[in-house]
Amino acid sequence: MGISTHGAQGAIDECAKDKEFVLSFEDITVHVPSQSNCCGSNKNSPLRNYGQEYFGMSVEHRDAFYTLDRVSGYVKSGETLLVLGKSGSGKSTLLRSLCGRLNQTDELCGNVSLNGVPIGKSNQSWRRMCSYVSADDGTHSPVLTVGETFTFAAQCTSDGHSSEEEIEDTVDFFLDALGLSHVKDTVVGDENLRGVSGGQKRRVTVGEMMIDPSARVFCLDNITDGLASTDSFSLIQQISVACKKYRLAAVITLLQPSDEIVQLFDKILVLSSEGKTTYFGPVDRGTLQSIFLDEGVDAEKGDSGGIADLVMSQTTASMEESTISRFKSSPNNLQLIKELDVIKANAASLEDRESVLKDFLPSEKHSTSRLYQLRIIANRRRKLILRNSMTYARSIIAIVFGIIVGSLFSALQQDTIGALGRSGYIFLSSFLVLMLSSAVTIPDGFRQRITLFKHRDSEFYSGTVAYVVQVVLDLPLSVLEATLIASISYWWVGMTPGANHFLFFLGTLIGLECVGQAFARFLCAVSRTQVSANVASSLCILLFATVGGFMPAYSTITWVLRWLSWITPVSYAFEGMMINNFDGASFFGLVIVDKDGTSTVGNVDGTKYLSSQSLPRSQWGTNTQIKIFDCLMLFVFAVVLDCIAIYYQESSRDWYFNKIRRSRATVARSKDKEGKRGDKLIEDDAEAQVKSGEGCMGPQSLAVSNLSYTVNIGKAKNCCKPRRATCGSLLGPALAKIAGKSLESPEAATEKEETPVKELKLLNEVAARFKCGRMTALMGQSGAGKTTLLDVIAGYKTGGVITGDIMIDGYPKEDDMWKAMNGYAEQQDILNPYMSVLETITFTADCRLPSHVDKKAIINSVIELMDLSAYVDMIVGHEKEGEGLPKHARKRLTIANQLVVQPKVLFLDEPTSSLGVNDAAVVMRAVRRSTDAMKLITLVTIHQPSKKMFESFDDLLLLAKGGRVAYCGELGPSSQTLISHFTSLSGTSPSASANPADFVLSVLDGGSPDEAVAKFKESELCKELLSAIDADVKEAETQPRSSVTKHSLHFFTEFGLLFRRQFLVQWRNPSYSFLRFYVSAGATFVLGLLFFDIKHDVQGAVFAIAAIFFMTFVLVIPMQSAVIPLIQDRAVLYREAVSGTYSRFTYGLGQLFADIPFHALNTVIMYAIIYYLVGFRSGAEFVGYFIFMLFLANWSVTSMGQLYALVTPNEETANGLAGLSVILSVCLMGFLITSSAMPQGWLWANTANMFRYILQGLVTNELSGQNYKIDIGALIPPVENTPKADGGSGRFLAHLFDDSDGKVITFMPGTVPEGDNAAAQGAALLGLALHAGEGENSAESEDDFRNLLECMVLNKCLVEPVPTNFLECNVSNDSQVAPVCFEQFKAVIANLEDSERQVGECFIDIIERNEPSSIGAPASLKLGAYTEEKHREIASCLTRKLLIKGPAIGLKSILNGFSELWDIVMFIQDIIENGLDIPGDAILYYFGWSQFDAETFEFSAPWKWNYCVIAVVVFLLAMEIIKLCAVNFIVWTKR
């Protein structure tokens, strides 16, 4: 192994044979430093739990300790060394110490030497020579095939010049040696993508690391875990042969090796539980007996098991110390010391050591050049991208969001409202691109990081090169995604036309894509978990959005946070795109009234609009220069983030292989009435049984007869267990087909070929009988259906067709009775990680035991039986994170959780899986004690048991392939009954020391399964079995059936238990409690600073709306945290609900009510911080409404996250769906674009958006009933001061534009004055009135004036030229025909004193004094002979005569005459003088959240209670009902 025999590579290997070496380690000591308690003393504190989960901080104080203590040994080329030890003895730490992969925080003392020359702790060349294989198989890229995985490893470890044929030959050599040739084109797979089997994946892990030709030392950690005994023996044998043939060395740790496997090793090193050497030397049983057996102990009695049982037989510290003492005085230790002295004596001198190491170690850090690495990594990355379903999903998402955003903003007009809408579109595009790019990069980054750390630590390639390749190959996806969004939405929205503008917009989006992906890669590099990265991403994007310049504008951001704008990518993107769209552009929306009275529709200059938005932030150059700089800054941000990420990635080499050590968390227990239950265990099991009242009362036998199980495999199914649909499982087959790869191993394909029908029989007429008080081992060949049989008998199989009989004492099994009498402990330890051992057992007992029994006595009895006394107050913890209970205690707790319900039948599926010899023995001893004490019918599937463990069973049920019985019966004394049967079958007998289990399986594997099945059917054992089953049936016919009823709790009692547990679990869960409280507090504090103490003006109102909008977005962040615990708890729910612990409905109800206190606390935190910082309105009603609606919002958003967790297959899908729904909600909630500006086709989405009602309710609560002043005078510079009668001065509108003086009237959408419409004519008359000044008419009624206005509008008398048309309609038209409005005009001026004289004064320059003209008849005034300026003077004079006396009364009369103008906001002289109070309800009307009464001219917003609150409650109730229904469909995804 480790070499190839082809071409140039073979020549290198031949040369390597001449280099003999010895790897020695002397006094290896690994010191783990202490960890102080830096987080307080409360052990239930979520802050400390958060530190534990996310940052690796210790939950409680931990003293320094030694995980290895002065361990010495050596291994020479051509040898293999076996390392054995108990759990926690430091086996894996020793391997990492030898190969230079020790945790950087640990202190290594002692020497690791090559030929006596110390290597050093972090010699990178040594890491190439010494390969390390971890016990974790989840480090592969699941979409790559086995062949591709090996090919990439071979390419990375080649010399860079090998041909493809040589690489292929090397790969084929290793595939054949490991027995993987038949799965070469099968994907490796993972939990979401079906691939090779677990045993095959284990061999892939081994082969990938051993393919390196420069590797001559192999440190292999638990490499046979999950393999069958024959496969394990074959693998170790191949490694041993390869070491001898190619002069390699291997140091291997194993869990439960058989004697045949142990004998393959040259030396064995045994470690004590404290990490000390208890033995080092050859594998000689006599020598081992002299060390590990106390003096005077008979060898036959003391060594009744295998070698592994012998060396692990020390169960106490004193026994270990005695063993260590005997070893130190033994010849083996003296020989070890002598050998180490010889190695040091033969070592090179100090001067030559460096050259000696260079001769053995690879000369380069990596075997290939960086250019070659770039090529092969790029090829691999390309495959990963093309086979990743998210690659195609991203394109679809981009198209969908391009269509949604484009259509949503498509109705914008070229006016002021359209400008605001396009600003929202620019902000939304920035937010959308940044959020999507980071959201899809983080999951992929964490998946690839696992493989990267493994390859990098083996020096396959440079981590920097891999990072650069990822950046470069991700760029096309960024360009594609940005192009799709921009191309669809840009033109649809109606942004500034022109290729240059579009390309700049596209370039900015691409820059944001790069920033988002770089930021996500940075988070992947610095974050320990994906959860913390997701949270950090959401928080940072929220911060980017708030200081990005959209709302609030840069100039209005408080100085404390304004600097953030300059380090925020969104600020640069928003500024650049705003300048790109508005610089040089113009839009209408203003009527300009010149001081001479002429009114025209005015265009707003885009630069002025930018200035109103504080853009650019600093005018250091031209706008073109600034926007180009902004775009370039995005790419600078991306480069800087990537550089930082590379640095952190390269400086954190201990993340993957070395779990952060944490002390085991305990529960802070109060002094209750029960006291410390864990300290008062009942020692007498019999007494406890009597107290429980159960004793041995139960069924005497469990039998199955002709039991068969058939599944429908259809056209595209195989016999594998069904999985829930996932993105990978749905798209995976199609992608693999495109790539020309197979998704299933040939075993499944063979089964299809061998089974032409659409049904596959997994169990075939199984007959067996299990007795009370006896343990039955269920064993068989790989794929024989062991676990399937266990599931079928236990009632866990819900699919397929089951035929045959399952009988209890001869009676057919009844489901109601069965749940009350059986317990099933799965192979996976499905436990709640936040409960203690005692709490876990107590909860099960409270739910499933009747009230009349002594529950405390039963609990204590079970704890004593399972030997859990030392762990009662210990938190279970997350096994994957290396925290909480050790594996063997976890397994015993799983079993204890079933024993506490006093079952009659106990099913155990692989209870010793992944356990060492001692741990497995502890578990099986506990099972044996429980079976004997409780008189259980115990059925155990077991994998590769040791001889001692196997003989602890009473009976064996052996299955051959096809689910057929090859043996069922007693083992007999020393397994002689079993051995005799299989000796007669094979013709050979095992040795006295052989393991009967291995012998039986070897006979079954080596011979014909059909022959074994036929042999058993003909045996006396089978006849006795069938006779016993028939006897049970006959006896049942004559005796009444014993009743075992299922205990049912009262609904409220069950609800109370679940509520208490859920509340306790959530409080201890940092991703739920801490994340919500502290993230909400931090985010609302930042928002409070951004919108600190808003003013009571229009800008303050807008800021209040923005603050509420962003606060609503803060609520979304904990949505992701709500997903995590519920998905983690689904397996627990399934196990407990199926076993009858509680009903699913009660679970859902308990979850619902347990959440309420957290919603309430989070609401109080957010309210207390943001309400008074922002300065929201006071008053009991408004404060109460704010708190109530915020509480509903907290509840609703969390409930939405939980709903996604219940209806999706995994955490990634749930978070993705939550993210998409959030983006859609932001688009459609009515803030970035109002409902009035939305196209009609999107109004339904606005109505169906829950966040819209939350926002509307909170905003209405703040704005409704208040007035917000707008100071027009502060906005418009004064032109001239006109003396007034009271000595004051008036300020006119002027200089709003460069060269025009006048007064301005701004209109709302739909009433823009254009052409000859009423609004345009009303604006023209207002212009004349403003020019004319105060009215002179003394009329008391406006009726005559209103009639005149109606006449003029009807006859279009106020269109351009306004003065001329005004005169022609009212007083003269250069003809003898009366003007069209002459009569109405006469009626108005009749209210003047001496009306004819006053009107005549307006014509004094025209009418000759000696020819007076009567106003009573039309006059021929020959107006056409005079200039338009003269017409304007006359019209202004006449207007003054028409207007009613009093300040601004005449203007109001005009407004009263034009109903359309009540929808218009007008800037007139008195408003400029005094400012304008705009009702908050009018602002709400702009958003579509209030109504206008045309009769009373009032706005009102009555909907915050009877519309918004009710809508949110309806949404909340709907989600909770769906959740309660969805709980009933939860299934365990592993089934």
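As shown above, the structure is provided for reference.
Keep in mind the model is a prediction, meaning the values are calculated, not measured.

### Some details on the overall build of the protein chain
- Within the protein chain, the secondary structure is distributed over 58 helices and 30 strands.
- Buried residues in the protein chain amount to 59% of all 1535 residues.
- Contacts in the protein chain between residues far apart in sequence, at least 24 positions, make up 79% of those at least 6 positions apart.
- For the protein chain, the exposed surface amounts to about 59,700 Å²; the carbon and sulfur share of it is 56%.

### Some remarks on helix α6 (residues 164–177)
- For α6, with 14 residues, the first-to-last C-alpha span of 20 Å sits near the 20 Å given by 1.5 Å per residue.
- Residues I167, T170, V171, F174, L175 and A177 constitute the buried set of α6. Here the buried residues of α6 occupy an arc of 170 degrees about the axis, which is enough to place them on one side. Of the exposed residues in α6, those oriented more than 90 degrees away from the buried face are E165 and D176.
- Each element contacted by the buried residues of α6 is listed here: α5 (146–157), α7 (198–210) and α8 (229–246).

### Digging into unusual backbone geometry
- Residue P616 follows L615 across a cis peptide bond; omega there is -5 degrees.
- Within the secondary structure, P616 sits in the loop between α24 (606–612) and α25 (623–650).
- Along the chain, E1360 connects to P1361 via a cis peptide bond; the corresponding omega equals -10 degrees.
- Along the chain, P1361 falls in the loop between α50 (1343–1354) and α51 (1362–1370).
- Of note in the backbone geometry, N706 takes a positive phi value of approximately 50 degrees without being a glycine.
- Structurally, the position occupied by N706 is in strand β13 (residues 701–712).
- According to the relative accessible area criterion, N706 is partly exposed, its value standing at 48%.
- One non-glycine residue, D1093, lies in positive phi territory at about 50 degrees.

### Looking at helix α29 (residues 786–794)
- Extensive coverage of α29 is indicated by the burial of eight of its nine residues.
- Listed in full, the buried residues belonging to α29 are K786, T788, L789, L790, D791, V792, I793 and A794.
- At the C-terminal side of α29, G795 shows a positive phi close to 85 degrees.

### Digging into the packing of aromatic side chains
- Using the criterion set out here, one finds 62 aromatic pairs in the structure.
- On the numbers, 5.0 Å between centres and 55 degrees between planes, the contact of Y490 with F505 is tilted. On the criterion of sequence distance, the pair formed by Y490 in helix α19 (residues 463–493) and F505 in helix α20 (residues 499–526) is long-range, its members being 15 residues apart.
- Taken together, a centroid distance of 6.5 Å and an interplanar angle of 10 degrees make the contact between F1051 and F1055 stacked. With F1051 and F1055 both in helix α40 (residues 1051–1068), this residue pair falls four residues apart, about one helical turn.
- Residue F1051 is classed as partly exposed on the basis of its relative accessible area of 33%.
- Given a relative accessible area of 18%, F1055 falls into the buried group.
- By way of ring pairs, the aromatic residues F427, F431, F550, F574, F1091, F1103, F1109, F1110, F1113 and F1231 are connected into one cluster.
- Just above the ring of Y572 sits the side chain of R617; from NZ or CZ to the centre is 4.5 Å.

### Describing the sheet that holds strand β20 (residues 937–941)
- Read across the sheet, six strands follow the order β18-β19-β20-β15-β21-β22 without closing on themselves; strand pairing throughout is mixed. If you trace the sheet from one side to the other, it starts and ends with β18 (822–825) and β22 (964–970), each paired once. Strand-to-strand, the axes of this sheet are offset by a mean angle of 15 degrees, without reference to chain direction.
- In the sheet, strand β15 (residues 774–780) pairs with strand β21 (residues 955–960) via five bridges, with the strands oriented parallel. Across the sheet, G780 pairs through a bridge with L959, a residue of β21.
- Across the sheet, helix α37 (residues 996–1006) is in contact with β15, β21 and β22; its angle to β21 comes to roughly 25 degrees.

### Describing the state of the cysteines
- Counting across every chain of the model gives three disulfides.
- The residue that forms a disulfide with C1351 is C1381, at a sulfur-sulfur distance of 2.0 Å. Between C1351 and C1381, the S-S dihedral sits near -95 degrees, and the bridge is therefore left-handed. You can see C1351 sitting in helix α50 and its partner C1381 sitting in the loop between α51 and α52 (1382–1389), a full 30 residues away along the chain.
- Since its relative accessible area comes to 0%, C1381 is described here as buried.
- Two residues share a disulfide in this structure: C1357 and C1369, whose sulfurs sit 2.0 Å from each other. An S-S torsion of about -90 degrees defines the bridge between C1357 and C1369 as left-handed. On the criterion of sequence distance, the pair formed by C1357 in the loop between α50 and α51 and C1369 in helix α51 is long-range, its members being twelve residues apart.
- Each disulfide of the protein chain joins two cysteines, and with those cysteines numbered along the sequence the arrangement is 1-4, 2-3, 5-6.
- Counting only cysteine sulfurs, C968 is the nearest neighbor of C1022, a cysteine outside any disulfide, at a range of 8.6 Å.

### Digging into the nonpolar core
- Core analysis: the largest hydrophobic core is formed by 171 residues, its most contacted members being F409, Y425, F1091, F1186, F1231 and L1263.
- Among the elements that take part in this core, helix α42 (residues 1098–1138) stands out by supplying 21 residues, more than any other.
- F1091 has contacts with M551, P552, F1103, A1106, A1107, F1110, L1173 and V1174, leaving out every residue within four places of it along the chain.
- Among the nonpolar cores identified, the runner-up in size contains 105 residues, and L23, V75, M129 and I291 belong to it.

### Here we look at the pattern of salt bridges
- Per the counting criterion, the structure on display carries 46 salt bridges.
- With a closest N to O distance of 3.2 Å, D829 and K887 form a salt bridge. With a gap of 58 residues between them, D829 in the loop between β18 and α31 (837–848) and K887 in helix α33 (residues 887–899) connect regions that are remote in the sequence.
- Between R1061 and E1136 there is a salt bridge; the shortest N-O distance is 3.1 Å. Note that R1061 is positioned in helix α40 and E1136 in helix α42, a separation of 75 residues in sequence.
- Since its relative accessible area comes to 4%, R1061 is described here as buried.
- If you follow the salt bridges from partner to partner, you end up with R381, D444, R447, D474, R521 and D642 in one network.

### Looking at empty space enclosed by the protein
- Taken as a whole, the largest cavity holds about 320 Å³ of empty space.
- Residue lining of the largest cavity: 21 residues in total, with Q448, R449, L452, A466 and Q470 positioned closest to the centre.
- Elements supplying a minimum of two residues to the lining of the largest cavity: α16 (370–386), α18 (416–457), α19 and α20.
- Top element by residues in the lining of the largest cavity is α18. It accounts for six residues.

### A short note on the environment of D1129
- Within the fold, D1129 resides in helix α42.
- Between the C-alpha atoms of D1129 and I830, which are 299 residues apart in sequence, the distance is 8.9 Å.

### Side note on the environment of L1326
- Mapped onto the elements, L1326 comes out in helix α49 (residues 1318–1332).
- For L1326, a relative accessible area of 2% gives the class buried.
- Each C-alpha atom of the pair L1326 and T1439 lies 10.0 Å from the other, and the pair is 113 residues apart in sequence.

### Considering the sheet that holds strand β7 (residues 217–221)
- Ordered by their spatial adjacency, six strands build an open sheet running β6-β7-β8-β3-β9-β10, and the pairing between neighbours is mixed. A strand with exactly one partner marks an edge of an open sheet, and here the two such strands are β6 (130–133) and β10 (277–282). Strand-to-strand twist of the sheet, defined as the mean angle between neighbouring strand axes without regard to direction, takes the value 15 degrees.
- With five bridges joining them, strand β3 (residues 80–85) and strand β9 (residues 267–271) adopt parallel strand pairing. Within β9, the position partnered with V83 by the bridge is L269.
- Sheet strands touched by α8: β3, β7 and β8 (249–253). Its angle to β8, the strand with the most contacts, is close to 155 degrees.

What counts and how
- Residues numbered from 1 in each chain as written.
- Predicted model: local features only at pLDDT ≥ 70, side-chain atom pairs only at ≥ 80, totals over all residues.
- Heavy atoms only, no water.
- Helix = DSSP H or I, 4+ residues; strand = E, 2+ residues; numbered from the N terminus.
- Buried < 20%, exposed > 50% of the residue type's maximum accessible area, 1.4 Å probe, protein only.
- Contact = heavy atoms within 4.5 Å.
- Areas by Shrake-Rupley, 256 points an atom, 1.4 Å probe, with all protein chains shown as cover.
- Expected span 1.5 Å × (residues − 1).
- Arc of directions from axis to C-beta.
- Phe/Tyr/Trp six-rings, centres within 6.5 Å; stacked < 30°, edge-to-face > 60°.
- Lys NZ or Arg CZ within 6 Å of the ring centre and 35° of its normal.
- Pairing = 2+ DSSP bridges.
- Axes fitted to C-alpha atoms, helices over the stretch in contact; angles between N-to-C directions.
- Disulfide = S-S within 2.5 Å.
- Core = buried A, V, L, I, M, F, W, Y, C linked by side-chain atoms within 4.5 Å.
- Salt bridge = Lys/Arg side-chain N within 4 Å of Asp/Glu carboxyl O.
- 1 Å grid on protein atoms, 1.4 Å probe; cavity = no way out; pocket = protein on both sides within 12 Å on 5 of 7 lines; lining within 4 Å.
- Points joined across faces, edges and corners; volume = space filled by probe spheres on them.

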